[in-house]
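Structural overview for review
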Amino acid sequence: SHIMSEYVRMTDTERDQIDQDAQIFMRTCADAIHQLRTEAHKDVQSAQVKEHRTAVLDFIEDYLKRVCKLYSEQRAIRVKRVIDKKRL
């Protein structure tokens with residue numbers, strides 16, 4: 001708590017802006033992965049290269065999904081705290 005008292009806490013407006021930016025960023029990443037997936041198999045002759053690219057894109061997409069899930073869980077905690085605070 002000593003360390004926290006040295007810093008100014010974020011406002012709800014700042015948190016809302018971070019949430020909005022994070023959602024835009026996650027959507028942008030998902031769109032980029034989709035575009036990469038579309039482009040990945042163009043002009044590729046080797047089945048091994050296609051398989052490798054598919055595996056890499058699957059890994060990246062899975063990672064993004066895990067990040068999005070973590071973000072959603074953290075946001076849910078924040079919303080719950082706000083609701084609990086208003087009830088008091």
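Residues numbered from 1 in each chain as written. Predicted model: local features only at pLDDT ≥ 70, side-chain atom pairs only at ≥ 80, totals over all residues. Heavy atoms only, no water.

If you look the protein chain up in an unreviewed UniProt entry, it shows as STX18 protein from Anseranas semipalmata. Annotation of the protein chain in UniProt includes, under Subcellular location (unreviewed entry), the sentence "Membrane". In its Sequence similarities (unreviewed entry) section, the UniProt record describing the protein chain reads: "Belongs to the syntaxin family." (UniProt positions renumbered as here; feature names shortened; annotations may be inferred.)

Before going further, it helps to examine the overall build of the protein chain. When its secondary structure is counted, the protein chain shows three helices and zero strands. What you see in the protein chain, going N to C, is helices and strands ordered as α-α-α. Taken over the C-alpha trace, the protein chain has a radius of gyration of 20 Å; the compact-globule value for 88 residues is 12 Å, which it surpasses by more than 25%. The principal-axis extent of the C-alpha atoms belonging to the protein chain is close to 65 × 30 × 15 Å. Taking all contacts inside the protein chain whose residues are at least 6 apart in sequence as the whole, residues at least 24 apart take part in 61%. With an accessible surface of roughly 7,900 Å², the protein chain has 58% of that area assigned to carbon and sulfur atoms. (Helix = DSSP H or I, 4+ residues; strand = E, 2+ residues; numbered from the N terminus. Rg over C-alpha atoms; globule rule 2.2 N^0.38 Å. Contact = heavy atoms within 4.5 Å. Areas by Shrake-Rupley, 256 points an atom, 1.4 Å probe, with all protein chains shown as cover.)

Attention shifts here to the confidence of the model for the protein chain. Looking at the protein chain, the pLDDT average stands at 88 and 91% of residues meet or exceed 70. When pLDDT is averaged over each helix and strand of the protein chain, the minimum, 55, is found for helix 1 (residues 2-6) and the maximum, 93, for helix 2 (residues 12-40). (pLDDT = per-residue confidence, 0-100.)

Once that is clear, we can look at the environment of Ile-33. Note that Ile-33 resides in helix 2. In sequence terms Ile-33 and Asp-58 are 25 residues apart; their C-alpha atoms lie 9.2 Å from each other. When near neighbours in sequence (up to four residues on either side) are disregarded, Ile-33 contacts Leu-57, Ile-60, Glu-61 and Leu-64.

A cluster of nonpolar side chains, Val-56, Phe-59 and Ile-60, forms an exposed patch at the surface whose accessible area comes to about 260 Å². Mapped onto the secondary structure, Ile-60 falls in helix 3 (residues 47-87). Taking the relative accessible area as the measure of exposure, Ile-60 reaches 36% and is therefore partly exposed. (Patch = residues over 30% accessible without salt bridge, like charges linked within 9 Å, V, L, I, M, F, W, Y side chains within 5 Å. Salt bridge = Lys/Arg side-chain N within 4 Å of Asp/Glu carboxyl O. Buried < 20%, exposed > 50% of the residue type's maximum accessible area, 1.4 Å probe, protein only.)

Turning our attention to the pattern of salt bridges. Tallying each qualifying case throughout the model produces 10 salt bridges. Between Arg-37 and Asp-58 there is a salt bridge whose closest N-O contact spans 3.0 Å. Taken together, the positions of Arg-37 in helix 2 and Asp-58 in helix 3 put the pair 21 residues apart, joining distant regions of the chain. Here Arg-66 makes a salt bridge to Asp-62, at a shortest N to O gap of 3.1 Å. One end of the pair is Arg-66 and the other is Asp-62, both in helix 3 and four residues apart, which spans about a single turn. Exposure remark for Arg-66: the relative accessible area of 45% places this residue in the partly exposed category.

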